[in-house]
Amino acid sequence: MAESIIIRVQSPDGVKRITATKRETAATFLKKVAKEFGFQNNGFSVYINRNKTGEITASSNKSLNLLKIKHGDLLFLFPSNLAGPSSEMETSAPQGLKACGAPNVVEDEIDQYLSRQDGKIYRSRDPQLCRHGPLGKCVHCVPLEPFDEDYLNHLEPPVKHMSFHAYIRKLTGGADKGKFVALENISCKIKSGCEGHLPWPNGICTKCQPSAITLNRQKYRHVDNIMFENHTVADRFLDFWRKTGNQHFGYLYGRYTEHKDIPLGIRAEVAAIYEPPQIGTQNSLELLEDPKAEVVDEIAAKLGLRKVGWIFTDLVSEDTRKGTVRYSRNKDTYFLSSEECITAGDFQNKHPNICRLSPDGHFGSKFVTAVATGGPDNQVHFEGYQVSNQCMALVRDECLLPCKDAPELGYAKESSSEQYVPDVFYKDIDKFGNEITQLARPLPVEYLIIDDFHSLATYLSHNTSSVFLDTISDFHLLLFLVTNDVMPLQDSISLLLEAVRTRNEELAQTWKKSEQWATIEQLCSTVGVQLPGLQEYGAVGGSTHAASSAMWACQHCTFMNQPGTGHCEMCSLPRT
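Residues numbered from 1 in each chain as written. Predicted model: local features only at pLDDT ≥ 70, side-chain atom pairs only at ≥ 80, totals over all residues. Heavy atoms only, no water.

As annotated in an unreviewed UniProt entry, the protein chain carries the name Nuclear protein localization protein 4 homolog and is attributed to Bos indicus x Bos taurus. According to the UniProt record, the Sequence similarities (unreviewed entry) comment for the protein chain is "Belongs to the NPL4 family." Under the heading Subunit (unreviewed entry), UniProt records this for the protein chain: "Heterodimer with UFD1. The heterodimer binds ubiquitinated proteins. The heterodimer binds to VCP and inhibits Golgi membrane fusion. Interacts with ZFAND2B; probably through VCP." (UniProt positions renumbered as here; feature names shortened; annotations may be inferred.)

Asker: So what about the pairing of strand β3 (residues 44-47)? Which residues, and what values?
Answerer: Neither face of β3 is exposed, since F44 and V46 on one face and S45 and Y47 on the opposite face are all buried. Pairing geometry for β3 and strand β5 (residues 74-79), over 4 bridges, is antiparallel. Note on β5: the bridge partner recorded for S45 is F78. Where β3 and strand β4 (residues 55-56) come together, 2 bridges link them in antiparallel fashion. Its bridge partner lying in β4, Y47 is registered against E55. (Buried < 20%, exposed > 50% of the residue type's maximum accessible area, 1.4 Å probe, protein only. Helix = DSSP H or I, 4+ residues; strand = E, 2+ residues; numbered from the N terminus. Pairing = 2+ DSSP bridges.)

Asker: An account of unusual backbone geometry is requested, with residue identities and associated values reported.
Answerer: For K52, which is not glycine, the phi dihedral falls at a positive 65°. Of note, K52 is situated in the loop between β3 and β4. The backbone phi angle of E398 is positive, close to 60°, even though this residue is not glycine. With respect to the helices and strands, E398 occurs in the loop between α9 (389-396) and β21 (400-402).

Asker: Can you tell me about the environment of G566, naming the residues and giving the values?
Answerer: Mapping G566 onto the fold places it in the segment after β29 (560-561). Using a relative accessible area of 40% as the deciding quantity, one classes G566 as partly exposed. Every residue in contact with G566, bar those within four places of it in the chain, is listed here: W552, L573, P574 and R575. (Contact = heavy atoms within 4.5 Å.)

Structural data, given as structure tokens:
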């Protein structure tokens, strides 16, 4: 009788031992494997190596001895939907998280790109500390991991939060390669389907009861930087406050790109700000129903843009003669109020970050919050924030309330007969320097915010070209052409949107010769005929550059003055 051997077979469900003989054929062995794991004969593949090389085929001519498979060897089984050469997205996933995630979701392009990058921080040879040759490496010049805290802390300015992809590398960088790690979303609700007792409030058990939450400062962030493509995007948004003194709100449309200043970082590049219907006063904002929301998203998608965040103003004029604004948001007051944190959490829940490493198919959010407010120099500054995943969960499950009299504090709800709310705690330092745990009633909102975007970077490039493509490449102008009541061009503007997206001047000139554009030009030039909403969308004169050159901003108070005046209408100071 042939000597029996035991072969270990590892699958996503675990490891099983298969008894075989050295003279046994590969086909017979694979049938035993299929029976043991409950697969059909063609529902899986077995490989000699973990990286899916050395596949064992169902051959009746090759024995296990010929395939050099010995007693105690470990083989690797992959189901048919994961077998064979893996897709680009799959090969880029960390090995330990593949089985825990949702493999069928399609991540954003920037996430797919960063997951394929090396991410290590390469250092050149130190002439003083390194004692080896040019081809050698030592502790002073060996590449650093993207999550190295010492490196991030020594950047200028220091980085308090590593990037999300660096955080993933940290989870999967140990000896176990993240085998037991899963990116699970927090839930504050009672698990449904528990049949051992009556439903809440008449019964609850440890199986369905959500765990208590201890708030920790999140170590990573999904977006590391925000940048305006053009300074006129921000200037136009601020014009409303300059003219009325009322606060304003807008959605940021743009794209996500690589931020090279931080290892494996992500940047939100803002190309346009859309201002939905709203009622703004000097100290409040109310959003109204927007009938154009779907059209705006459709136009943005055709331009290669998406909604990446929201922005609002919190500006109070301090000295109109000097053009200064009040510096009210700082470490002694608050950076975001509790109500703004809850609003940010709601927006982030509506725009989740698609992630194949999470069983739910999403984890966190790349939706950003931007605030136009006064800085330490009493000038207008832009600051960027996100709220943590814990804050998103508290907002999603309706566990967090704002404090009316203290904007820097939130309040965790108490359980009632209608809703069970888990206990929420946060850690603090007492007067003796000891770390203590406090019940989050009330709660400092600083535990919910992810800040420090190195300040909100603004790209000060101004397009001075007068060619038609540059003239028409304005989001508000394109939106007006689609939604105006006199001659909406929604059915005939696809060619122009493609020209703007691809920066194709030929396509733009082709559309310019169309009958629709000729009619628009005729309407604009007709005496006494003004298209409704034209001024609102900044399209008067057809060119945003022409419009901005007509009016001028006072260098003392930033008020926008009419052309032909030598003194500012607001502060009466000379133009130059």
